[in-house]
Amino acid sequence: MIVLGVETSCDETAAAISSDSKILSSIVSSQLIHSDFGGVVPELASREHELLLNSIVEKAIQKAGISKTDIEGIAVTRGPGLAGTLLAGVCFSKGFAHGLKKPIIGINHLEAHIFANFLADPNLQFPFVCLLVSGGHTQLWLVEALGGYTLLGTSRDDAAGEAFDKGARILGLGYPGGPEIEELSRGGNQKAVHFPRAFIKDKNIEFSFSGLKTALLYYMDSYDKNGNITKADIAASYQQAIVDILVSKLKQAIKQTGVKTCVVAGGVAANKSLRKAMKNSFTDMRVLYPDLALCTDNAAMVAYLGELYLNKGVSSAMDFDIDPNLKLA
Ligand code: KG4
Ligand code: ZN
């Protein structure tokens, strides 16, 4: 089945074509207009999606080497995300589906992130534990089947991606903060500054990142630029604290469930220190993460998951709504 995927949950305008679970094309346009604001401005993002969607979808179709009429179904992110940006993608996709007289399915963005791991390895087997780490979510899931998800733990405040973004702002870096902190950390000493690691010794699976961010803020208040500790040292220490927290809770989730495979999903999964720490910490386990380009927001994961559902005969009624707070289970 040939499926067009559309993703506009935040500030990436993305379209992709999948065919028999293979990605024929994946186009992502990251909006640059937000960089001056240190974060995403929802209204600007919605307008930008409206401007870009048509040409991005055309590009995806062209690159896939198909024509519009070859498309057999449309998959579009319906939540969670920003209301206005989700609406832009869903309205566009409904018009597209209506024009082609093809089925449409509204996709959960978080579920699509998890399923991006099947693009890394189509033979990935259930059950597995997924560490889902994006800009808005830090969660551990037991994934037993398509649609079979059990939440093992979540963050009680900020998400890991948010910790990177807010930390970057404190350090005077740009947005998104994850890649900026990762870049600055290179060559830095991760042991130079001790940052708190909330709940790391607790047995419960729960995350908290707000204290870490505050600790960085206080540290920078009294930071001596002329001392021995460089900004790279601070960034590396801060990044390491986030990685340690994530790995320790993943360890507990694995112990609790007894599964032998773990995967990572979401933008923070692109972090090389996290990927390395996971490989080193789980030597007796199968550890998987999507290709770098499929960790952050993209439409390939939406098209792939949409095709799975559409192939099972599952689709959405044309009047389905967006849900900015859509949950996974
Ligand atoms: O999944 P995603 O693209 O969008 C959401 O669904 O939220 O995740 C975005 C988050 C941002 O917080 C960004 O700073 C973080 O992922 N991120 C990273 C890296 N690349 C993106 N965090 C750490 N290291 C990276 N290389
Ligand atoms: Zn995302």
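In this text, all values refer to a predicted model and were calculated from it rather than measured experimentally.

Observations regarding the overall build of the chain
Tallying secondary structure elements over the chain gives 10 helices and 11 strands in all. Expected size for 329 residues packed as a compact globule is a radius of gyration near 20 Å; at 20 Å, the chain falls within 12% of this value. Taken along its principal axes, the extent of the C-alpha atoms in the chain is 65 × 45 × 30 Å. Every one of the 329 residues in the chain was classed for burial, and the buried ones make up 53%.

Regarding the packing of aromatic side chains
All told, the structure shown has 12 aromatic pairs when counted by the stated rule. Seen from their ring centres, Phe 118 and Phe 126 are 5.6 Å apart, and the 55 degrees between their planes marks the pair as tilted. Through a chain of ring-to-ring contacts, the aromatic side chains of Phe 115, Phe 118, Phe 126, Phe 128, Tyr 149 and Tyr 304 assemble into a single cluster. Taking the ring centre of Phe 320 as reference, the NZ or CZ of Lys 94 above it sits at 4.7 Å.

Regarding the domain arrangement of the chain
Under the domain assignment, the chain is made up of domain 1 (2-113 + 295-311) and domain 2 (126-289). Taking only C-alpha atoms, the centre of domain 1 and the centre of domain 2 are 28 Å apart. Of the residues lining the interface, 13 residues belong to domain 1; the matching set on domain 2 comes to 14 residues. Both faces considered, domain 1 and domain 2 share a buried interface measuring about 1,100 Å² in area, 71% of it formed by carbon and sulfur atoms. If you sort the residues of domain 1 by the area they bury against domain 2, Leu 110, His 113 and Cys 295 come out on top, with a joint share of 47%. Along the contact surface separating domain 1 from domain 2 lie 0 salt bridges. Linking domain 1 with domain 2 are 2 residue pairs in polar contact (both at pLDDT 80 or more). Residue assignment for the side of domain 1 that touches domain 2 shows that the elements contributing at least two residues are helix H3 (109-115) and helix H10 (300-311). In the side of domain 1 that touches domain 2, the residues fall into 7 nonpolar, 4 polar and 2 charged.

Parameters at a glance
- Residues numbered from 1 in each chain as written.
- Chains lettered and ligands numbered in written order.
- Predicted model: local features only at pLDDT ≥ 70, side-chain atom pairs only at ≥ 80, totals over all residues.
- Heavy atoms only, no water.
- Helix = DSSP H or I, 4+ residues; strand = E, 2+ residues; numbered from the N terminus.
- Rg over C-alpha atoms; globule rule 2.2 N^0.38 Å.
- Buried < 20%, exposed > 50% of the residue type's maximum accessible area, 1.4 Å probe, protein only.
- Phe/Tyr/Trp six-rings, centres within 6.5 Å; stacked < 30°, edge-to-face > 60°.
- Lys NZ or Arg CZ within 6 Å of the ring centre and 35° of its normal.
- Domains from an automatic or database assignment.
- Contact = heavy atoms within 4.5 Å.
- Buried area = accessible area lost by both parts, 1.4 Å probe.
- Salt bridge = Lys/Arg side-chain N within 4 Å of Asp/Glu carboxyl O.
- Polar contact = N/O pair within 3.5 Å; in protein donor to acceptor, adjacent residues only side chain to side chain.
- Nonpolar A, V, L, I, M, F, W, Y, C, P; charged D, E, K, R; others polar.

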